[in-house]
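What the coordinates show
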Amino acid sequence: MSLDYVKFSPGFESFMPKEYRDMVEHGPFGKKTTVSQMGSFKEILEEHPMCAGCAMTLFIRLAIVAFPNPEDTITVGTAGCGRLAISQAAIPFVYGNYGDQNGVASGLSRGLRIRFGDKPKDVVVMAGDGGTADIGFQQVLHSWFRKERFTTIMLDNEVYGNTGGQESGMTTRGAVLKMAPLGKKFEKMDMVAMAKIAGCAYIATVVPNNPRRVESCIKKAVLIAREVGPTYIQAYTSCNIEYAIPTDQVMADAKTVEDDRYKFAEYVSEDAKAYLAERYGYKEFIQKPVAAVTKA
Ligand SMILES: Cc1ncc(C[n+]2csc(CCOP(=O)(O)OP(=O)(O)O)c2C)c(N)n1
Ligand code: SF4
């Protein structure tokens, strides 16, 4: 997509559905909108068929608001709950076989660079923990080792939510689920450590409670992936159905889990810091001049 598509063909404005007119007139395309303005503009994702109170949906909504150039962004997903929401968004979504999202995104990202040259077209993968750490694991890891320049977001609800509660590699040890009644026997996989080993230029762990933080992580990850290297965000997005979290407790649960074992952490490579400072003016990464050492 591009801004050329997000407008009316001459003479057709009055014939377009209201939803479409709202999107053209009040949507975020070509503007700088932030999570703090939510409620005052037409969002790219407004309706979805996911369970009431699902934290994954809130995270996906925040992530899409945070895309630096939504009109030039393509999302890639796979089987799992998340795609039910992502596919409702008014930006392109590519959906392949279960687990092949990072392979698809690799080809897409390379193809877009050949086709559009210097004009950034951002590719963002959003997939569940099963799709990322289990079934798609090999493709995820290899895309990172190959230094494919796109963002991978794991929607980590620590279970196969869409198929009724099987354990995943990201389920914590001992967790009892509908289809893991004896409790998980192995540790939660350390995908952050693997992302570091594989050379991701930006890695963050977040929960959806802090929208500004989510926004900041997504923006950095997408910008860095344009030129520096692969980026990875791991988001705790609880499944209130499979973990029996009352809907009014979903955010409280996220806070407890964040304090306990899902602390916010961010890794930015030195190349990525320099890039964000020089290209996008990130003050926190501007190198301070080293004070001259004077000999006595
Ligand atoms: C090749 C293949 N195997 C199995 C499935 C069935 N399937 C659909 S979603 C899913 C699990 C999804 O779990 P996860 O990736 O953690 O996402 P969540 O639903 O929890 O968001 C499975 C096994 C499938 N669609 N395709
Ligand atoms: S099953 Fe779980 S992850 Fe899937 S939509 Fe429902 S609450 Fe969200």
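Residues numbered from 1 in each chain as written. Chains lettered and ligands numbered in written order. Predicted model: local features only at pLDDT ≥ 70, side-chain atom pairs only at ≥ 80, totals over all residues. Heavy atoms only, no water.

Section: the pattern of salt bridges
Per the stated rule, a full pass over the model turns up 21 salt bridges. Note that K188 is salt-bridged to E158, the shortest N-O span being 2.7 Å. You can see K188 sitting in the loop between β4 (151-156) and α7 (191-198) and its partner E158 sitting in the loop between β4 and α7, a full 30 residues away along the chain. Overall, K188 belongs to the partly exposed group, its relative accessible area being 22%. Residue E158 is classed as buried on the basis of its relative accessible area of 2%. The shortest N-O distance in the salt bridge between E158 and R261 comes to 2.8 Å. Taken together, the residues span a long stretch of sequence, with E158 in the loop between β4 and α7 and R261 in the loop between α9 (250-260) and β7 (265-268) at a distance of 103 residues. (Salt bridge = Lys/Arg side-chain N within 4 Å of Asp/Glu carboxyl O. Helix = DSSP H or I, 4+ residues; strand = E, 2+ residues; numbered from the N terminus. Buried < 20%, exposed > 50% of the residue type's maximum accessible area, 1.4 Å probe, protein only.)

Considerations on unusual backbone geometry
Only a minority of non-glycine residues have a phi that is not negative, and only a minority of peptide bonds are not trans. The phi dihedral of K147 falls on the positive side, at around 65 degrees, and the residue is not glycine. Tracing the sequence through the fold places K147 in the loop between α6 (137-145) and β4. Of note in the backbone geometry, E158 takes a positive phi value of approximately 60 degrees without being a glycine.

Here we look at the sheet that holds strand β1 (residues 73-77)
Pairing is mixed in the open sheet, where 7 strands are placed in the order β2-β1-β3-β4-β6-β5-β7. Looking at which strands have only one partner, the edges of the open sheet turn out to be β2 (93-95) and β7. Put simply, the sheet's adjacent strands are angled 15 degrees from each other on average, direction ignored. Contacts from α7 reach β4, β5 (202-206), β6 (231-236) and β7 within the one sheet, and its direction differs from that of β6 by about 175 degrees. (Pairing = 2+ DSSP bridges. Axes fitted to C-alpha atoms, helices over the stretch in contact; angles between N-to-C directions. Contact = heavy atoms within 4.5 Å.)

Some details on the nonpolar core
Core analysis: the largest hydrophobic core is formed by 46 residues, its most contacted members being F59, I60, M126, I218 and I233. For this core, the secondary structure elements donating two or more residues are α2 (55-66), α3 (82-86), β3 (122-128), β4, β5, α8 (211-227), β6 and α10 (270-280). If one sorts the elements of this core by residue count, α2 sits on top with 8 residues. If you look at the next biggest cluster of nonpolar residues, it comprises 13 residues, including L141, M154, A195 and A198. (Core = buried A, V, L, I, M, F, W, Y, C linked by side-chain atoms within 4.5 Å.)

What about the site of ligand 1?
Among the 15 residues in the neighbourhood of ligand 1, the closest are listed as Y98, G130, G131, V159 and G161. G131 is positioned such that a nitrogen or oxygen atom in its backbone is 2.8 Å from an oxygen atom of ligand 1. Relative to its unbound accessible area of 600 Å², ligand 1 is 71% covered by the protein chains. The leading source of residues in the shell around ligand 1 is helix α5 (residues 129-135), at 3 residues. Classifying every residue of the shell around ligand 1 gives 6 nonpolar, 8 polar and 1 charged. (Near = heavy atom within 4 Å. Polar contact = N/O pair within 3.5 Å; in protein donor to acceptor, adjacent residues only side chain to side chain. Areas by Shrake-Rupley, 256 points an atom, 1.4 Å probe, with all protein chains shown as cover. Nonpolar A, V, L, I, M, F, W, Y, C, P; charged D, E, K, R; others polar.)

Observations regarding the site of ligand 2
Around ligand 2, the neighbouring residues are M50, C51, C54, C81, N157, G161, C239, N240 and I241. Its residues assigned to classes, the shell around ligand 2 comprises 6 nonpolar, 3 polar and no charged.

Structural notes on the environment of G27
Here G27 is to be found in the loop between α1 (18-26) and α2. In this structure the C-alpha to C-alpha distance between G27 and T78, which are 51 residues apart in sequence, comes to 26 Å. If we ignore the near neighbours within four places in the chain, the residues touching G27 are D22 and K42.

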